[in-house]
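What follows is the residue order along each chain.
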Amino acid sequence: MRIGVLASGSGTNLAAILAAQLPVAVVVVDRECRATVVAASYGVPAVVVKRGSFGPSFDREAYTDRVVDALEPYSVDVVAMAGYGTILSKQIHDAYPDRILNTHPALLPSFPGWHAVEEALAAGVTLTGVTVHVATAEVDAGPILAQEAVPVLPGDTVETLHERIKVVERRLYPETIRRFVEDLAGRSQ
Ligand code: GRF
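Residues numbered from 1 in each chain as written. Predicted model: local features only at pLDDT ≥ 70, side-chain atom pairs only at ≥ 80, totals over all residues. Heavy atoms only, no water.

J.: Help me understand the pattern of salt bridges, please; the structure alone is not making it clear to me.
T.: In the structure shown here, the tally under the stated rule is six salt bridges. Salt-bridge contacts for aspartate 30 lead to arginine 31; the nearest nitrogen and oxygen are separated by 2.8 Å. Take arginine 31: its relative accessible area is 28%, and that puts it in the partly exposed class. For glutamate 32, the salt bridge identified is with lysine 50, shortest N-O distance 3.8 Å. Within this pair, whereas glutamate 32 is found in the loop between β2 (24-29) and α2 (34-41), its partner lysine 50 is found in the loop between β3 (46-48) and α3 (60-71), the two being separated by 18 residues in sequence. Note on glutamate 32: relative accessible area 55%, which makes it exposed. A relative accessible area of 44% means that lysine 50 is categorised as partly exposed. (Salt bridge = Lys/Arg side-chain N within 4 Å of Asp/Glu carboxyl O. Buried < 20%, exposed > 50% of the residue type's maximum accessible area, 1.4 Å probe, protein only. Helix = DSSP H or I, 4+ residues; strand = E, 2+ residues; numbered from the N terminus.)

J.: Sorry, what's going on with the sheet that holds strand β5 (residues 100-104) here?
T.: Reading across from one edge, β3-β2-β1-β4-β5-β6-β7 is the order of the seven strands in this open sheet, with mixed pairing throughout. Each end of this open sheet is capped by a strand with a single partner; those strands are β3 and β7 (144-151). Strand-to-strand twist in this sheet, taken as the mean axis angle between neighbours without regard to direction, amounts to 20 degrees. The pairing of strand β1 (residues 3-7) with β2 spans five bridges and is parallel. Bridge pairing links valine 5 to valine 27 in β2. Contacting β1, β2, β4 (78-82) and β5, helix α1 (residues 12-19) crosses the sheet at an angle of about 175 degrees to β2. Helix-sheet contacts for helix α6 (residues 158-187) involve β1, β4, β5, β6 (127-134) and β7, and the interaxial angle to β7 is about 160 degrees. (Pairing = 2+ DSSP bridges. Axes fitted to C-alpha atoms, helices over the stretch in contact; angles between N-to-C directions. Contact = heavy atoms within 4.5 Å.)

Written as structure tokens, this is what we have:
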């Protein structure tokens, strides 16, 4: 089983996946970011598929085709999104049906979207958490594979809360990926 990881940020989830010795064949990033440094430190190739634009002129379909093309030579079985900053269109789900995983820093279906931690804090919830799910073309939807609650503490800022959530993600996401990949390998025997 071979895994492709999509990342955009500090790459701490990627680092946790690599430290767990999951079989990552390639990392794809949409911008220059620390995730490429993390990949290099584990000797895993990182491919930059840079977005040309962020506004209404952004061609999501064409961009998604480029991501699918970047993954193709690595023959991955599973794609794990780890803080990927670009919403991809249908073609990637056609290329890897029910084989794209995502980690989200909230208890879905609450607080989907890019500002989940801010929104949970603003809503005044006392519990939020982590959701690992199979990604579908609809953002932050799809079958839930694992969830774990994280308390919101008095005085929390977006940063302190997100970091507490990420501590859980860095354990739960690799664990869940492993279980998913092992199930898949078992089914294809
Ligand atoms: C994670 O909290 C992930 O759930 C969210 O972005 C964050 C990525 O963090 N979508 P990192 O780049 O892995 O440190």
